[in-house]
Amino acid sequence: MNYRHAFHAGNHADVLKHVVLLALCDALTAKPAPCFALDTHGGRGLYKLDGESAQKTGEAQDGIARLVAESPRDPAVQRYLTAVRACRQAHGSHAYPGSPWLLAHALREQDHIAACELLPEEAAVLSDNFARDPRVSVHARDGYAAIKAMLPPKHGATRFARGLVLIDPPYEAQLDEFDIAIKALREGLSRWPQGMFALWYPIKQGRVLQAFQRKAAAIDAKSALLLELLVRPDDSPLRMNGSGMLILNAPWQFDVAMRPALAALQAALGEAGASSRVAWLKSPA
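Note that the structure is a prediction, hence the values are computed from the model and not measured.

Rules used throughout
Residues numbered from 1 in each chain as written. Predicted model: local features only at pLDDT ≥ 70, side-chain atom pairs only at ≥ 80, totals over all residues. Heavy atoms only, no water. Core = buried A, V, L, I, M, F, W, Y, C linked by side-chain atoms within 4.5 Å. Buried < 20%, exposed > 50% of the residue type's maximum accessible area, 1.4 Å probe, protein only. Helix = DSSP H or I, 4+ residues; strand = E, 2+ residues; numbered from the N terminus. Contact = heavy atoms within 4.5 Å. Polar contact = N/O pair within 3.5 Å; in protein donor to acceptor, adjacent residues only side chain to side chain. Axes fitted to C-alpha atoms, helices over the stretch in contact; angles between N-to-C directions. Parallel < 35°, antiparallel > 145°, perpendicular 65-115°, else oblique. Left-handed = near helix turned anticlockwise from the far one by under 90°. Nonpolar A, V, L, I, M, F, W, Y, C, P; charged D, E, K, R; others polar. Salt bridge = Lys/Arg side-chain N within 4 Å of Asp/Glu carboxyl O.

A. Just the nonpolar core, in detail. In terms of nonpolar packing, the biggest core is built from 97 residues, with Tyr 80, Leu 227 and Leu 246 touching the most fellow members. Of all the elements, helix H1 (residues 12-29) adds the most residues to this core, at 11 residues. When neighbours within four sequence positions are excluded, Tyr 80 is seen to be in contact with Val 15, His 18, Val 19, Leu 22, Ile 64, Leu 67 and Tyr 96.

B. The environment of Asp 74, seen in detail. When you line up the elements, Asp 74 lands in the loop between helix H3 (64-70) and helix H4 (75-91). Here Asp 74 falls in the buried class, since its relative accessible area comes to 12%. When the C-alpha positions of Asp 74 and Met 240 are compared, they lie 25 Å apart, and in sequence the two are 166 residues distant. Residue contacts for Asp 74: discarding those within four places in its chain leaves Pro 260, Ala 261 and Ala 264. Of note is the side chain of Asp 74, whose polar atom sits 3.2 Å from the backbone nitrogen of Val 77.

C. Quick peek at the packing of helix H7 (residues 143-150) against helix H8 (residues 175-191). Interaxial distance between H7 and H8 falls to 9 Å at its minimum, and their mutual angle equals 15°. Classified by the interaxial angle, the pair formed by H7 and H8 is roughly parallel. Crossing of H7 over H8 shows left-handed handedness. Residues Tyr 144, Ile 147 and Lys 148 of H7 form the contact with H8, whose participating residues are Glu 177, Ile 180, Ala 181, Ala 184, Glu 187, Gly 188 and Arg 191.

D. Spotlight on the packing of H8 against helix H9 (residues 210-217). Two numbers describe how H8 lies on H9: the axes approach to 10 Å, and their chain directions differ by 5°. One element, H8, and the other, H9, form an angle in the roughly parallel class. Of the residues in H9, those touching H8 at Phe 178, Asp 179, Ile 182 and Arg 186 are Phe 212, Lys 215 and Ala 216. Of the residues in the contact of H8 with H9, the class split is 4 nonpolar, no polar and 3 charged.

E. Focus on the pattern of salt bridges. Going through the model one piece at a time under the given rule, you end up with 12 salt bridges. Glu 122 is the partner of Arg 44 in a salt bridge, and the nearest nitrogen-oxygen pair spans 2.6 Å. Linking Arg 44 in the loop between strand E1 (35-39) and strand E2 (46-48) with Glu 122 in helix H6 (residues 120-129), this pair joins segments that are 78 residues apart in sequence. Its relative accessible area of 3% is what places Glu 122 among the buried residues. In this structure, the salt-bridge partner of Glu 187 is Arg 191, at a minimum N-O distance of 2.4 Å. Residue Glu 187 and its partner Arg 191 are located together in helix H8, separated by 4 residues, close to a single helical turn. When its relative accessible area of 27% is taken as the criterion, Glu 187 is described as partly exposed. Arg 191 sits in the partly exposed class, given a relative accessible area of 30%.

Right, here's the structure in full:
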């Protein structure tokens, strides 16, 4: 695998993923019991948007940079922008937080985070970034295998009844990755049926994802929610036109909170033909 997220940090897909991730974290921390988060594809956890990789693609200019300039007033979007500002206050004006950083700063002292990264050099940077945080354990390993090895979660004597698994693979296997991810979700839910599971996925042509959505709807979960943001029409297989999040066991009324958030992101980041969608594949009982 040759994927490096530094080329894509802060793009429109990151914006969607991280707005949703923070909203899930806030739902978890609304209750006092400790919770656990597993980030299966953590990358390095912290990025520099003025670095060579980010500058080479310039994707952040149409993502976080545009959103900062627009600053929509939606609460979920403002929550995310506040987190980005906090990251930049700590690490410089061009810093951008990856999902491990957001998890570490959204969760609490009694919570625990496991972040996995397969590429050795990326895992080493990830480990350095969280060396001083005892709540974060970094694992240089395959994230899909970690789902089987680390669930149901425990840390020392603590067993966690509540928590989140974030699956954010690079999709180097392209459409085959969806089948791999579905298998991982089934495995994870069989081990931790009360956990929340969030799968990020890219959208080039939406029609080719119908088989994935049928399989997702058939997973043995209490609910299955789709959140999708298209920044342009999904009519080209050559570029990422948008992205989505599949949320299994979503928090109560999560769709209600996310609908205006996605509309705000569409207005701020979208080109002509942009759209957003919030849809239950399986409604909660």
